[in-house]
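# Examining the three-dimensional arrangement
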Amino acid sequence: MDVFIKERKKNVLLILIKFFVKVWELKKRVWCVYNMAIRKQFLGRYVVMTNIQQYNKGGEMMGFHLVYYISMGAPSIEASLEKAELYLAQCVKALQFDLPSRNPYRENPFIRERMAYAYEKYGSYEVFLQALTAFRRAHPDFEMQMVSYEDVVLTIGTIRYLAFCKENNIRTVRISGDGVIEMARKDLNAAGIDTLTFVDYDMKQSEVDFAAKTGRAVMLRNARKGMEPRTGLVHWPERIAFLRENGITAPVYATAEIRCGADLQEAKNAGAAGAYVGSCLMNLWDQEEKMLALLRELEQAAGE
């Protein structure tokens, strides 16, 4: 009888713990919605800050800028946007969406496979643009960014791509590629849209010099399979310091191999203005509880 009573008490305690956890999560979501409503009421509209605007006039960082990358179209566009909606329900402030490239040469195998699947499944970019526009209309109060390869922008056309960005209040874009695609970046810049410069893991001097010349914010990769880093430039502190020594004064954003809060904290402590996080969460899309736990860990690290 005593064993039965103890077991029952244990079960009741577990039920109570789960109940209070659910109440806490609900409270957090309600506060998130309330907070957005208050800002709309007093500001007239929700002001989305671009990456550069995260710095005040004195160059001091106003807050660590964490952006979550969403790979679109695998297993479906609808499934990708459902996850994006789940992120937003956790009070995430910024999301970056991709469009599937036929040659995503900078991506890891996980993202390459997703892009190949998405492009084969849909074969047209218009369906992605329309779906993202509908999503934006349903969720107007977050910072929306895009990342696209040159083949994607050239297929869509700069005019259509620019119109899509303007329609959806997209103020920050990363376009991969060299050569003629720089003209598209300049068109976006002229329209008031920031474009990010990418510096790969090997930190080629040409990429560093280009970033310094343009003055654009930098996405700095911290790892890439099959690629060796420059001598003495392995960890975040020396990598970011090297960029500063080479005349880069714009914000630097960490990306790649950020798997947990500790990784994020390391980049933050080294002077990164923010970070882009994607694969570590997308790998857990089929394990929602683990994904949400990691998301909370990342948000906590960014806020510390």
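Residues numbered from 1 in each chain as written. Predicted model: local features only at pLDDT ≥ 70, side-chain atom pairs only at ≥ 80, totals over all residues. Heavy atoms only, no water.

### Description of the pattern of salt bridges
Pairing of side chains with opposite charge becomes possible as their charged atoms draw close. Formally: The salt bridge criterion pairs a side-chain nitrogen of Lys or Arg with a carboxyl oxygen of Asp or Glu, the two atoms within 4 Å. Only runs of H or I of at least four residues qualify as helices and only runs of E of at least two qualify as strands under DSSP, and these elements are numbered from the N terminus.
Summed over all chains, the structure comprises 12 salt bridges. Among the salt bridges present, the one from Arg102 reaches Asp151, with a minimum N-O distance of 3.4 Å. Pair noted here: Arg102 is in the loop between strand S2 (94-98) and helix H3 (109-122) and Asp151 is in helix H5 (residues 150-156), with a separation of 49 residues, a long-range link. Measuring nitrogen to oxygen at the nearest pair gives 2.7 Å for the salt bridge that ties Asp200 to Arg221. Of this pair, Asp200 sits in the loop between strand S6 (197-199) and helix H8 (205-214) while Arg221 sits in strand S7 (residues 218-221), and the two are 21 residues apart along the sequence. Among the charged side chains, a salt-bridge network with shared partners connects Arg106, Asp200, Glu207, Arg221 and Arg224.

### What to know about helix H6 (residues 158-167)
Formally: Partly exposed describes any residue whose relative accessible area lies between the buried limit of under 20% and the exposed limit of over 50%, with all areas from a 1.4 Å probe on protein chains only and scaled to the type maximum. Think of it as the arc spanned by the lines of direction from the helix axis to the C-beta atoms. Any pair of residues with heavy atoms lying within 4.5 Å of one another is described as a contacting pair.
For H6, the set of buried residues is Tyr161, Leu162, Phe164 and Cys165. One side of H6 holds all its buried residues, which, seen down the axis, span an arc of 155°. What points out from H6, more than 90 degrees from its buried face, is the exposed set Ile159 and Lys166. Of the surrounding secondary structure, the elements contacted by the buried residues of H6 are helix H4 (126-138), strand S3 (143-149), H5, strand S4 (172-176) and helix H7 (181-190).

### Quick word on the confidence of the model for the chain
This is how it is decided: One confidence number per residue, pLDDT, is output by the predictor and ranges from 0 to 100.
Considering every residue of the chain, the mean pLDDT works out to 86; 80% of them sit at 70 or more. Here residues 33-61 is a poorly scored stretch, pLDDT under 50, and it has 47 contacts once near neighbours within four places are set aside; other chains count.

### Digging into the nonpolar core
Here is the rule: Nonpolar cores are built from buried Ala, Val, Leu, Ile, Met, Phe, Trp, Tyr and Cys residues. Side-chain atoms within 4.5 Å join them into one set.
The biggest cluster of nonpolar side chains holds 77 residues, and the ones touching the most others in it are Tyr68, Tyr87, Leu95, Phe97, Leu99, Leu264 and Leu281. Considering every element that reaches this core, the biggest residue donor is helix H12 (residues 288-303), with 7 residues. Ignoring sequence-local partners within four residues, the contact set of Leu281 consists of Tyr68, Tyr87, Met291, Leu294, Leu295 and Leu298. In this structure, Val67, Ala94, Tyr253 and Ala273 belong to the second largest nonpolar core, which totals 9 residues.

### Focus on H12
Basically, it comes down to this: Here the expected length of a helix is defined as 1.5 Å per residue gap, with one fewer gap than residues.
End to end, H12 covers 22 Å across 16 residues, agreeing with the expected 22 Å (1.5 Å per residue, within 8%). Listing the buried residues of H12 in full gives Met291, Leu292, Leu294, Leu295, Leu298, Ala301 and Ala302. Elements that come into contact with the buried residues of H12 comprise strand S1 (65-70), helix H2 (77-89), helix H10 (261-269), strand S9 (274-277) and helix H11 (279-282).

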